[in-house]
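# Residue-level structure breakdown
Spelled out, the chains give:
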Amino acid sequence: MRLYPALLAFLLLDATACAAAPNPAEIVAHAPDSAWRTVAPERLLLMTTADGRRIIIELASDFAPVHVANVVRLARTHAWEGGAIIRVQDNYVVQWRVRDEKAPPPKGFIKTPPAEYDRPLAGIGFRPLGYPDSYAPQAGIAADWAVGSDGVRVWPAQCYGTVGVARDMPPDTGDGQELYVVNGEAPRQLDRNLAVVGRVLVGMELLGSLPRGTGSLGFYTDAHQDVPIKSMTLAADLPPAARPNIQTMRTQSPSFDAYLAARAARTDPFFVHAAHGVALCNVPIPSREVR
């Protein structure tokens, strides 16, 4: 448990802000530049819909490298252009697909990827959350991602904003031509059952506000309801001046210690009783776009 060091870290961050009880938003706003890391353009995927929605996804290369490579190949061959968002299931997922799933795949595309649902804990590091988890023996942070672990393996948690690969029944693992993003209560029963390829850092509210599908599982029943995709582009393929500057908080920083403590025990004036506990998906890793 790192609660008391975390609170001390917050006190050192900004004495003025600490005249009131710690507030997660204030902690994020006052976090120094050293508390942030810039996401490499090779790990950022920009999605634009035909109606102007702008979504920025950080790719999970540390957890599903084969699936991520497939998604990048599809982006570089413009397979997403003319694709569409075809499913919006309330409090579950938003799902989209490429233009033509029967088209010849791009060079190097792996049609049957391995089941990249978890990976060895060794070599990635693990910071325990410090609170019990209903879906894993341990919950915490690895490579600045929310994860579950059994002490040997580690896997990304299916939290709000998590991007995964849709698939058919096992042994199918999905090839990346259909993706989904969690848009509600974390469906953690999906952990270790689908490949996680990213998380939405910018624009999740735009996906969450889409009309709900009225068909089975939230699929749109009329193609006119589909939301066309204008483009999906890797930031590294854009001119430097056009690349977004996205940062996420370093989870080994004092700022994150304070943020975690405040998420677990809200003691600012609105709260009558502090919870003194928090679920993994209720500690979203802070991110920001620097313009």
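Structure report, in brief. (Residues numbered from 1 in each chain as written. Predicted model: local features only at pLDDT ≥ 70, side-chain atom pairs only at ≥ 80, totals over all residues. Heavy atoms only, no water.)

### Quick look at the state of the cysteines
For the structure shown, the criterion picks out 1 disulfide. Two residues share a disulfide in this structure: C159 and C281, whose sulfurs sit 2.0 Å from each other. Between C159 and C281 the sulfur-sulfur dihedral comes to about -75°; the bridge is accordingly left-handed. On the criterion of sequence distance, the pair formed by C159 in the loop between β10 (153-156) and β11 (162-165) and C281 in the loop between α5 (254-264) and β16 (287-289) is long-range, its members being 122 residues apart. (Disulfide = S-S within 2.5 Å. Helix = DSSP H or I, 4+ residues; strand = E, 2+ residues; numbered from the N terminus.)

### Notes on the sheet that holds β16
Sheet architecture is open: 3 strands sit in the order β1-β15-β16, paired in antiparallel fashion. The open sheet is flanked by β1 (36-38) and β16, the only strands paired with a single partner. For this sheet, the mean angle separating the axes of adjacent strands, direction not counted, is 30°. Pairing of strand β15 (residues 246-249) with β16 involves 3 bridges; the strand directions are antiparallel. Of the residues in β16, the one forming a bridge with T248 is S287. (Pairing = 2+ DSSP bridges. Axes fitted to C-alpha atoms, helices over the stretch in contact; angles between N-to-C directions.)

### Focus: the layout of surface pockets
Quantified by volume, the largest pocket comes out at close to 470 Å³. If you trace the largest pocket, you find 22 residues lining it, with Y160, G161, V200, P284 and I285 closest to the centre. When residues of the lining of the largest pocket are traced back to their parent elements, those giving at least two are β9 (145-149), β13 (196-202) and α4 (204-208). No other element matches the 4 residues that β13 contributes to the lining of the largest pocket. Residue classes in the lining of the largest pocket are distributed as 16 nonpolar, 4 polar and 2 charged. Quantified by volume, the second largest pocket comes out at close to 340 Å³. Along the walls of the second largest pocket sit 14 residues, with R87, Y92, A166, R167 and L194 positioned nearest its centre. When the residues that make up the lining of the second largest pocket are grouped by side-chain class, the tally is 9 nonpolar, 2 polar and 3 charged. (1 Å grid on protein atoms, 1.4 Å probe; cavity = no way out; pocket = protein on both sides within 12 Å on 5 of 7 lines; lining within 4 Å. Points joined across faces, edges and corners; volume = space filled by probe spheres on them. Nonpolar A, V, L, I, M, F, W, Y, C, P; charged D, E, K, R; others polar.)

Everything listed is a geometric property; what it means functionally is a separate question.
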